Amino acid sequence: MQASLEQLSQIIVFAGLETADKVNLQPYTQVQRHRKGEIILHESDVLPAKLYAVVSGSIQVTKTATTGKETILRALAAGEIFAAPALLGNGISPATITAESDCQILTVERDALLKAIGQNPEIALRMLMIFNSRIQQLHETVHGLVSERAIVRLARLIEYFAAESGSQ
């Protein structure tokens, strides 16, 4: 079903748009309902060129390593966008998206979104702010992982030297 103006307004990147701008986007939108636990997108799926957003409920973004270990990357709530590679990248889903609760997912066709951005660059700025925030979170996570490993290595080194000095 097509998104309502109210549903479009709930998405962070469209909040504050003029009603006429949302009306122009409406024919290029679709809203689908998903039940809790339902997989919305599978990792490695080929995705149509669309913007994906959570209208209501929440979703979980996970990635599975070749070893089979699943890692939760983030949880997203109503208003947030996801699956950027569908819109701006190679069109391959980098992660699995699962409904954490009953939810509604809104999509906007890429060409319509680009036309809307041309008319209102604020949309692109909001998207950049979201992507920037996610890059910063990723940077902090990677830094934490690297630092943790260094601490673990340092602890082993200290244990080693303590054992060596105790045996002399």
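Provided above is the structure to which this section pertains.
Note that this is a predicted model, so its numbers are computed, not measured.

## Here's the deal with the sheet that holds strand β1 (residues 29-34)
Right, on to step 1. Spatially, β1-β8-β3-β6 is the arrangement adopted by the four strands of the open sheet, whose pairing is antiparallel. In this open sheet, the two strands that pair with only one neighbour each are β1 and β6 (81-82).
Right, on to step 2. Pairing geometry for strand β3 (residues 50-56) and strand β8 (residues 103-109), over six bridges, is antiparallel. Across the sheet, residue Y52 finds its bridge partner in β8, namely T107.

## What about the layout of surface pockets?
Right, on to step 1. Of the volumes computed, that of the largest pocket is approximately 640 Å³.
Right, on to step 2. Residue lining of the largest pocket: 24 residues in total, with V61, L73, R74, R134 and L138 positioned closest to the centre.
Right, on to step 3. When residues of the lining of the largest pocket are traced back to their parent elements, those giving at least two are β4 (58-64), β5 (70-77), α3 (84-88) and α5 (122-167).
Right, on to step 4. It is α5 that provides the largest number of residues to the lining of the largest pocket, a total of eight residues.
Right, on to step 5. Along the lines of polarity and charge, the residues of the lining of the largest pocket split into 17 nonpolar, four polar and three charged.

## Examining a nonpolar patch on the surface
Right, on to step 1. Taken together, the side chains of L138, V142 and V146 define a hydrophobic patch exposed on the protein surface, amounting to about 260 Å² of accessible area.
Right, on to step 2. Within the fold, V142 resides in helix α5.

Reading the values: the criteria
Residues numbered from 1 in each chain as written. Predicted model: local features only at pLDDT ≥ 70, side-chain atom pairs only at ≥ 80, totals over all residues. Heavy atoms only, no water. Pairing = 2+ DSSP bridges. Helix = DSSP H or I, 4+ residues; strand = E, 2+ residues; numbered from the N terminus. 1 Å grid on protein atoms, 1.4 Å probe; cavity = no way out; pocket = protein on both sides within 12 Å on 5 of 7 lines; lining within 4 Å. Points joined across faces, edges and corners; volume = space filled by probe spheres on them. Nonpolar A, V, L, I, M, F, W, Y, C, P; charged D, E, K, R; others polar. Patch = residues over 30% accessible without salt bridge, like charges linked within 9 Å, V, L, I, M, F, W, Y side chains within 5 Å. Areas by Shrake-Rupley, 256 points an atom, 1.4 Å probe, with all protein chains shown as cover. Salt bridge = Lys/Arg side-chain N within 4 Å of Asp/Glu carboxyl O.

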